[in-house]
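Spelled out, the chains give:
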Amino acid sequence: MGYPVRRTRRLRRTPQIRRHVAETRLHPARFVLPVFCIPGRDTAEPIGSMPGHYQLSPDRAAALAKEAARAGVGGLILFGIPSAKDEVGSGAWDPAGPVPESIKAIKDAAPELVVWADVCLCEYTSHGHCGVVADGEIDNDATLPLLARAAVAYADAGADLVAPSDMMDGRVAAIRTALDEAGHTGTAICSYAVKYASAYYGPFREAAQSAPAFGDRRTHQMDPANRREALIEVDLDVEEGADLVMVKPAGPYLDVVASVRAHTQVPVAAYQVSGEFAMIEAAAERGWIDRDRVVLESLTGIARAGADLILTYFAVDAARMLEELP
Ligand code: PBG
Ligand code: ZN
């Protein structure tokens, strides 16, 4: 009698078998690298809180795009920092602005990349809010045509995909209609459907010079306490015509990523935001963590939660790390 010795299956997993059967596999083609675009030529301004990242002129953005494509990265998402800001953010739809110019340069340099253009007004408004402000409040409906105009400007320049990050109600439908009317029926929309009012955006606001001059974004971004509400936001945006939906930030919201993945049929993107990036870089700089392992582990967690695409400031680095894995 007696029971057979129970041997764990783990013992029969050599490193080769482990790789063979891994449930989650990172692939650089599913990475999207955020890029900050400024006007000018041959300029790269370092961003203090984001080591290794720069505000780039269109020619330098194109050079980075080439590098990213060579590493196998699937796409780039562009943010613009204009030379001048105003009350309504009119730089957002300037066809000669840094984003349209960079789109054209990137399309020339690396046609295989998917070029995303973030659509929001906060980098372009003097007050730093994502919409037009009337009597100290954001005017949702007055903002919609301006977002649509910006989206069309980026599609005109050759963007494959526009990604509205403002969280105004009705923006996806407004943008879809405007794109179609302008003949851009093939331009996709990835909505930042699930965007939390997060403290993890700090370094980005330095990089994009887009911190609100007064108030905050809690009126239109989501409450970190809520998960079910995320599914309502997803349904609304898909109904309005979103081709993909995004959850942001990623790491602190993996349960939301998993819920959204289970809930919707469209591709789900997750954004590992500037604060998540900066925390890893800062701890690594102090020698407190093994940077490369933490980078891949953080991305694996996001993929395991169900993200189809990952927006990450580590895109190029991680792509190279994956190449070097045995
Ligand atoms: C602009 C926008 C923000 C981010 C992406 N688009 C900042 C914000 O909402 O204040 C944050 C990205 C990051 O932190 O990396 N609407
Ligand atoms: Zn914004």
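Throughout what follows, the structure given in this document is the object of discussion. Within every chain, residues take consecutive numbers counted from 1 along the sequence as written. Think of it this way: whatever chain is written first is A, whatever ligand is written first is 1, and the rest follow in order. Reporting of local features is limited, given that this is a predicted model, to residues whose pLDDT is at least 70; pairs of side-chain atoms are given and counted only at 80 or more, and all residues count toward the totals for whole chains, interfaces and linings. The side-chain values count all of the structure's non-hydrogen atoms but skip hydrogen atoms and water molecules.

Describing the environment of Gly-136
Here is step 1: Labels follow the DSSP assignment, with helices taken as runs of H or I lasting at least four residues and strands as runs of E lasting at least two, numbered in each case from the N terminus. Tracing the sequence through the fold places Gly-136 in the loop between β6 (133-134) and β7 (137-138).
Here is step 2: Each residue gets one of three labels from its accessible area relative to the maximum for its type: buried under 20%, exposed over 50%, partly exposed in between, using a 1.4 Å probe on protein chains only. Classification of Gly-136 as exposed rests on a relative accessible area of 52%.
Here is step 3: Placed 78 residues apart in sequence, Gly-136 and Phe-214 show a C-alpha to C-alpha distance of 8.9 Å.

Topic: the site of ligand 1
Here is step 1: In these notes, residues near a molecule or strand are those with any non-hydrogen atom within 4 Å of it. Near ligand 1 there are 17 residues, and of these Lys-195, Arg-205, Lys-248, Ser-274 and Tyr-313 occur at the shortest range.
Here is step 2: Here a polar contact is taken to be a pair of N or O atoms separated by no more than 3.5 Å, where protein atoms must pair a possible hydrogen donor with a possible acceptor and residues adjacent in sequence count only if both atoms sit in side chains. A distance of 2.7 Å separates an oxygen atom of ligand 1 from a polar side-chain atom of Lys-195.
Here is step 3: Contacts to ligand 1 include Ser-274, whose side-chain N or O atom sits 2.7 Å from an oxygen atom.
Here is step 4: Protein chains shield 100% of the accessible area of ligand 1, which is 400 Å² for the free molecule. What sets the accessible areas is the Shrake-Rupley method with a 1.4 Å probe; for residues, cover comes only from the shown protein chains.

Description of the packing of aromatic side chains
Here is step 1: Each Phe, Tyr or Trp ring (for Trp, its six-membered ring) is paired with any other whose centre lies within 6.5 Å, and the angle between the two planes then decides the class: stacked below 30 degrees, edge-to-face above 60, tilted in between. This structure, assessed with the given rule, holds nine aromatic pairs.
Here is step 2: Note on Tyr-271 and Tyr-313: the rings are 6.1 Å apart at their centroids and 45° apart in plane angle, and the pair reads as tilted. Linking Tyr-271 in strand β11 (residues 268-272) with Tyr-313 in the loop between β12 (309-312) and α11 (315-324), this pair joins segments that are 42 residues apart in sequence.
Here is step 3: Where Phe-277 meets Phe-314, the ring centres are 4.9 Å apart and the plane angle is 50°; that geometry is what we call tilted. Linking Phe-277 in helix α9 (residues 274-285) with Phe-314 in the loop between β12 and α11, this pair joins segments that are 37 residues apart in sequence. In this structure, Phe-277 and Phe-314 share a single accessibility class: buried.
Here is step 4: Clustering of aromatic rings is evident, with ring pairs tying together Phe-36, Phe-79, Tyr-192, Phe-204, Tyr-271, Phe-277, Tyr-313 and Phe-314.
Here is step 5: Stacked on the ring of Tyr-192, the Lys or Arg Lys-195 has its end atom at 5.5 Å from the ring centre.
Here is step 6: The residue whose ring lies beneath Lys-248 is Tyr-201, and the NZ or CZ to ring-centre distance is 4.5 Å. Should the NZ of a Lys or the CZ of an Arg lie within 6 Å of a ring centre and within 35 degrees of the ring normal, that charge is described as sitting over the ring.

Observations regarding the coordination of the zinc ion (ligand 2)
Here is step 1: The zinc ion (ligand 2) binds to the protein through Cys-120 (SG), Cys-122 (SG) and Cys-130 (SG); the donor distances cover 2.2 to 2.3 Å.
Here is step 2: Around the zinc ion (ligand 2), the four donor atoms are arranged such that angles at the metal cover 98 to 123°; this shape is classified as tetrahedral.
Here is step 3: A 2.8 Å cut-off from the metal defines N, O and S donors, relaxed to 3.2 Å for Na, K and Ca; water is not in the atom list, so some sites may appear incomplete. Look at where the donors of the zinc ion (ligand 2) fall in the sequence and you get C-x1-C-x7-C. For the pair shown, Cys-120 and Cys-122 are each scored as buried. Any coordination sphere not matching a tetrahedral pattern (four donors, all angles between 85 and 135 degrees) or a square planar or octahedral pattern (four or six donors, opposite donors over 155 degrees apart, other angles between 65 and 115) is reported as irregular.

What about helix α8 (residues 254-263)?
Here is step 1: For α8, every residue scored as buried is listed here: Val-256, Val-257, Ser-259 and Val-260. Buried residues of α8, seen end-on, are gathered within an arc of 165° and therefore sit on one face of the element.
Here is step 2: Residue contacts are defined here by distance: any two heavy atoms, one from each residue, within 4.5 Å place the two residues in contact. Where α8 is buried, its residues meet β9 (188-195), α7 (228-240), β10 (244-248), β11 and α10 (291-305). Picture the helix axis, draw a direction to every C-beta atom, and the arc is the one those directions span.

Quick notes on helix α4 (residues 140-157)
Here is step 1: One less than the residue count of a helix, multiplied by 1.5 Å, gives the span that helix is expected to have. A rise of 1.5 Å per residue sets the reference length of α4, with its 18 residues, at 26 Å; its end C-alpha atoms lie 26 Å apart and thus fit the reference within 8%.
Here is step 2: All buried positions along α4 are accounted for by Thr-143, Leu-144, Leu-146, Leu-147, Ala-148, Ala-150, Ala-151, Val-152, Ala-153, Tyr-154, Ala-155 and Ala-157.
Here is step 3: Buried residues belonging to α4 abut α3 (98-109), β5 (114-119), β7, β8 (161-164) and α5 (171-181).
Here is step 4: With a side-chain oxygen positioned 3.4 Å from the backbone nitrogen of Asp-141, the residue opening α4 is Asp-139.
Here is step 5: Directly beyond the C-terminal end of α4, a positive phi value near 115° is found at Gly-158.

Quick notes on the pattern of salt bridges
Where charged atoms from two side chains of opposite charge come close, those side chains can pair.
Here is step 1: Salt bridges are counted wherever a side-chain nitrogen of Lys or Arg sits within 4 Å of a carboxyl oxygen of Asp or Glu. Counted by the stated rule, this structure contains 14 salt bridges.
Here is step 2: In this structure, the salt-bridge partner of Asp-166 is Arg-171, at a minimum N-O distance of 3.4 Å.
Here is step 3: A relative accessible area of 0% means that Asp-166 is categorised as buried.
Here is step 4: A salt bridge links Asp-180 to Arg-176; the shortest N-O distance between them is 2.9 Å.

Regarding the side chain of Thr-312
Here is step 1: Among the secondary structure elements, Thr-312 is positioned in strand β12.
Here is step 2: One polar contact links Thr-312 to Gln-272, side chain to side chain, over a distance of 2.7 Å.
Here is step 3: Other than its neighbours up to four places away in sequence, Thr-312 contacts Phe-31, Val-32, Leu-33, Pro-34, Gln-272 and Leu-299.

Remarks on the nonpolar core
Here is step 1: In this text, buried Ala, Val, Leu, Ile, Met, Phe, Trp, Tyr and Cys residues form a nonpolar core when linked through side-chain atoms within 4.5 Å. Ranked by internal contacts, the top residues of the largest apolar core, which has 111 residues, are Phe-36, Trp-116, Tyr-154 and Val-194.
Here is step 2: A total of 11 residues in this core trace back to one element, the largest contributor, which is α4.
Here is step 3: Every residue in contact with Phe-36, bar those within four places of it in the chain, is listed here: Ile-47, Met-50, Tyr-54, Gln-55, Leu-56, Phe-79, Ile-81, Phe-204, Ala-207, Ala-208 and Tyr-313.

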